[in-house]
Amino acid sequence: MADIQEPVFQIQRVYLKDLSLEQPNSPGILLEQEQPTVDIQLGVDAQPVTEGIYEITVSATVQTKIQDKTVFLVEAKQAGIFEIRNLPEDQMGPILGIACPQIVYPYLRGNVADVIQRGGFPPVHLAEINFQAMYEQQQAQAAGTAAPTLAQ
């Protein structure tokens, strides 16, 4: 009889790995009447911790500016530790790049909105992310082909 082990996918822990809020031009910038521009950058990283254990980190940088002056800058990293065992190798990429970030991301969204609001600003709610599309784009770039994009 073949010794086939059952696949394992378990969340061990979700935690806030890093969070910072900077308001380098306060209080003067807070008196400005102009609407700030908002720039949001997101990233995903997967690192093996030990055999069958992985840390998945979803990061966000939110920067608001009025002209060339920063109103506030938030940098956050939300992480999760996942036990993933006995899966075919071809399934590991999508699990680490899509499934795990989808679990971690809502925690990041909540923490970013909370810290911005605690800083005295209206909360910035990060949009829902299609991690499958993000993963497929990264795979296409890694393969040296450009992912199809929509013309603006």
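These remarks concern the structure in this document.

Basis of the calculations
Numbers given to residues run from 1 along each chain, matching the order in which its sequence is written. For this predicted model, a pLDDT threshold of at least 70 governs which residues receive local features, and a threshold of 80 or more governs which side-chain atom pairs are given and counted, while totals over whole chains, interfaces and linings are taken from all residues. Processing note: side-chain calculations cover all non-hydrogen atoms of the structure and skip hydrogens and water entirely. Grid points spaced at 1 Å and placed over the protein atoms alone form the basis of the search, with a cavity being a set where a 1.4 Å probe fits but cannot get out and a pocket an open set showing protein on both sides within 12 Å along at least five of seven lines. Lining residues have an atom within 4 Å of a point. Grid points are joined across faces, edges and corners, and a volume is the space filled by probe spheres set on the points. For helices the rule is a DSSP run of H or I covering at least 4 residues; for strands it is a run of E covering at least 2, with both sets numbered from the N terminus onward. Under the scheme applied, nonpolar residues are Ala, Val, Leu, Ile, Met, Phe, Trp, Tyr, Cys and Pro; charged residues are Asp, Glu, Lys and Arg; polar residues are all the others, including Gly. Working rule for helices: expected span equals 1.5 Å times residues minus one. The quantity called bend is, for any residue, the angle between two axes fitted respectively to the seven residues ending at it and the seven beginning at it. Grouping buried Ala, Val, Leu, Ile, Met, Phe, Trp, Tyr and Cys residues that are joined through side-chain atoms within 4.5 Å yields what is termed a nonpolar core. For every residue, the accessible area obtained with a 1.4 Å probe (protein chains only) is divided by the maximum for its type, and the residue is called buried under 20%, exposed over 50%, and partly exposed between those limits. In this description, contact between two residues means that some pair of their heavy atoms is separated by no more than 4.5 Å. Here a pair means two rings of Phe, Tyr or Trp (six-membered ring of Trp) with centres within 6.5 Å. Their orientation is stacked below 30 degrees between planes, edge-to-face above 60, and tilted elsewhere.

For the rest of this paragraph, the subject is the layout of surface pockets. There is about 220 Å³ of room inside the largest pocket. Forming the walls of the largest pocket are 15 residues, and the residues nearest its centre are P36, V71, F72, F121 and P122. Counting residues per element, the ones that place at least two in the lining of the largest pocket are strand 3 (53–66) and strand 4 (69–85). Here the second largest pocket defines a volume of roughly 160 Å³. In terms of lining, the second largest pocket is formed by E51, G52, Y54, I84, R85, N86, L87, E89, M92 and L96. The set of elements that each furnish at least two residues to the lining of the second largest pocket consists of strand 4 and helix 1 (89–118). If you tally residues by element for the lining of the second largest pocket, the top one is helix 1, at three residues. Partitioning the lining of the second largest pocket into residue classes produces five nonpolar, two polar and three charged.

All right, on to helix 1 then. Owing to its 3.6 residues per turn, the α-helix aligns residues three or four sequence positions apart on the same side. For helix 1, with 30 residues, the first-to-last C-alpha span of 43 Å sits near the 44 Å given by 1.5 Å per residue. At I95, helix 1 shows its maximal kink, close to 45 degrees. G120 occupies a position one or two residues after helix 1 and carries a positive phi of about 95 degrees.

Take the nonpolar core next. Counting 29 residues, the largest nonpolar core has V62, F72, L108, V112 and I116 as its most contacted members. Those elements giving two or more residues to this core turn out to be strand 3, strand 4, helix 1 and helix 2 (131–142). Per-element tally for this core: the top contributor is helix 1, with ten residues. With sequence-adjacent residues up to four places away left out, V112 is seen in contact with V62, V74, A76, V124 and L126.

Applying the stated rule across the entire model yields three aromatic pairs. Relative to F82, the ring of F9 has its centre 5.8 Å away and its plane inclined at 25 degrees; by these criteria the two rings are stacked. Placement of the pair is F9 in strand 1 (residues 8–22) and F82 in strand 4, with a sequence separation of 73 residues. Accessibility expressed as a relative area gives 0% for F82, which makes it buried. Taking 4.7 Å as the distance between ring centres and 40 degrees as the angle between the ring planes, the aromatic pair formed by F72 and F121 counts as tilted. Residue F72 is located in strand 4, and its partner F121 is located in the loop between helix 1 and helix 2; the two are separated by 49 residues in the primary sequence. Relative accessible area serves as the criterion here: at 11%, F121 is assigned to the buried category.

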